[in-house]
Amino acid sequence: MERRRGVAYWLGRAWLGAFGWRVEGEAPAVRKAVVVAAPHTSAWDWPFTLATAAVLGVEMRWVGKHTLFENPLMGRFMRWTGGLPVDRAKTKDMVTKVADLLRAHEDLFLIVAPEGTRRRAERWKTGFYYMARAADVPVVLGYLDYAKKTSGLGTLFYPTGDLHKDMRQIRAFYKNVSGKHPERTSEVSVGVEPALRPGLFGQSPRWGTA
């Protein structure tokens, strides 16, 4: 997929270059995906993520509570950084809501931090997995490696429905990726999750590659 290099690309390169970082690889040849952002241990992760996305030529989006967008100035900033407002009061099922967003957009790389916090957590939240499964889009493993000063979008796969099997692949990918504060890095594991019922999302599981 050919992507043009505009102002954002050069700004992203300038930011990363100023810190001695480089982007590895290319953007995956898909138009929609749930992008895992890990490890997430610092507020610095966000500008490095935006810069990486700009260099790769993809527009990263994220979802936030609609109240964050109510202030005109703050709302404009939130949208400028890729924010999509979601009214959580109108839905008890965020997975369904986000899956609807993914289906409604032709091009959407939705970034999710499964750790859910910059502090160390016992395990990952699994919303990213079920969002991708429900929308029938792939999961892309994004990374910021502060030890090597490299970033990029790595492995791409379609959730098979076997959460624990897929998490083993994810765990292997992030095994040697170091966050800014390694001591805050959460274990790449999940608790006991309800099995996905066959046909729940109307699509059969499959694997894919970038």
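Residues numbered from 1 in each chain as written. Predicted model: local features only at pLDDT ≥ 70, side-chain atom pairs only at ≥ 80, totals over all residues. Heavy atoms only, no water.

### Re a nonpolar patch on the surface
Short version of the rule: Patches draw on residues past 30% relative accessible area with no salt bridge. Two like charges within 9 Å are joined, as are two nonpolar side chains (Val, Leu, Ile, Met, Phe, Trp, Tyr) within 5 Å. In this description, accessible areas are obtained by the Shrake-Rupley approach with a 1.4 Å probe, and a residue is regarded as covered only by the protein chains that are shown. Any Lys or Arg side-chain nitrogen found within 4 Å of a carboxyl oxygen on Asp or Glu counts as a salt bridge. Helix and strand definitions follow DSSP, with helices as H or I runs of at least four residues and strands as E runs of at least two, each counted in order from the N terminus. Each residue is placed in one exposure class: buried if its accessible area under a 1.4 Å probe, protein chains only, is under 20% of its type's maximum, exposed if it is over 50%, and partly exposed if it falls in between.
A cluster of nonpolar side chains, Trp15, Phe19 and Trp44, forms an exposed patch at the surface whose accessible area comes to about 280 Å². Along the chain, Trp15 falls in helix H1 (residues 7-18). Judged by its relative accessible area of 30%, Trp15 is partly exposed.

### Here's the deal with the packing of aromatic side chains
As a reminder, the rule being used: Ring pairs shown here join Phe, Tyr and Trp side chains whose ring centres sit within 6.5 Å, with only the six-membered ring taken for Trp; geometry is labelled stacked below 30 degrees between planes, edge-to-face above 60, and tilted in between.
Across all of its chains, the model carries 16 aromatic pairs by this definition. For the pair Tyr9 and Trp10, a centre-to-centre distance of 4.7 Å together with 85 degrees between the ring planes defines the contact as edge-to-face. With relative accessibility at 49%, the residue Trp10 sits in the partly exposed group. An angle of 85 degrees between the planes, with centres 6.4 Å apart, marks the rings of Phe128 and Tyr129 as edge-to-face. For the pair Phe128 and Tyr129, a shared accessibility class is recorded, and that class is buried. Ring-pair connections join several aromatic residues into one group, and the members of that group are Trp124, Phe128, Tyr129, Tyr130, Tyr143, Phe173 and Tyr174.

### Quick look at the packing of H1 against helix H2 (residues 45-56)
For clarity, the cut-off: In this analysis, axes come from line fits to C-alpha atoms, helices being fitted only over the stretch in contact, and the angle between any two N-to-C directions falls in the range 0 to 180 degrees. Convention used here: angles under 35 degrees read as roughly parallel, angles over 145 as roughly antiparallel, angles from 65 to 115 as roughly perpendicular, and any remaining angle as oblique. Each crossing gets its handedness from the near helix: less than a right angle anticlockwise from the far helix is left-handed, clockwise is right-handed. Contacts between residues were defined by any pair of non-hydrogen atoms, one from each residue, lying within 4.5 Å.
Between H1 and H2, the least distance of the axes is 7 Å, while the angle of their chain directions is 130 degrees. Regarding the angle of H1 to H2, the classification is oblique. Note on packing geometry: the crossing formed by H1 with H2 is left-handed. On H2, the residues that touch Ala8, Tyr9, Gly12, Arg13, Trp15 and Leu16 of H1 are Pro47, Phe48, Ala51, Thr52, Ala54 and Val55.

### Quick look at unusual backbone geometry
Looking along the chain, the bond that leaves Ala38 and enters Pro39 is cis, with omega of -15 degrees. Of note in this structure, Asp136 is not a glycine but carries a positive phi near 60 degrees. Its place among the elements puts Asp136 in the loop between helix H5 (127-135) and strand E6 (139-145). On the basis of relative accessible area, Asp136 is assigned to the partly exposed category, the value being 25%.

### Considering the environment of Leu11
Relative to the assigned elements, Leu11 resides in helix H1. For the pair Leu11 and Ala54, spaced 43 residues apart in sequence, the C-alpha to C-alpha distance is 7.8 Å.

### Focus on the pattern of salt bridges
On inspection of all chains with the given rule, the structure shows 5 salt bridges. Between Glu24 and Arg22 there is a salt bridge, with its nearest N and O atoms 3.5 Å apart. The partly exposed category is assigned to Glu24, whose relative accessible area is 26%. The structure contains a network of salt bridges with shared partners spanning Arg31, Glu106 and Asp107.

### Quick word on the side chain of Thr150
With respect to the helices and strands, the residue Thr150 is situated in strand E7 (residues 150-157). With residues up to four places along the chain from it excluded, the contact list for Thr150 reads Trp21, Arg22, Glu24, Tyr143, Leu144 and Asp145.

### Looking at the confidence of the model for the chain
This is how the line gets drawn: For every residue, the predictor states its confidence as a pLDDT score lying anywhere from 0 to 100.
The pLDDT averaged across the chain works out to 80; a share of 80% of its residues lies at or above 70. Low pLDDT (under 50) marks residues 193-210, which in the prediction has 31 contacts with non-local residues, meaning those over four places away or in another chain.

### Remarks on the pairing of E6
Each regular strand carries side chains that alternate between the two faces of the sheet. As a reminder, the rule being used: Think of it this way: DSSP has to see at least two bridges between two strands before they count as a pair.
Within E6, 7 of the 7 residues are buried, leaving the element largely enclosed by the surrounding structure. Covered by surrounding structure in E6 are Val139, Leu141, Tyr143 and Asp145 together with Val140, Gly142 and Leu144, the residues of both alternating faces. Judged from the 5 bridges that link them, strand E2 (residues 32-38) and E6 form a sheet pairing that is parallel. Considered in E6, the bridge of Ala38 is made with Tyr143. Note: E6 against E7, 6 bridges, orientation antiparallel. Residue Val139 lies in a different strand from E7, and its bridge partner there is Phe157.

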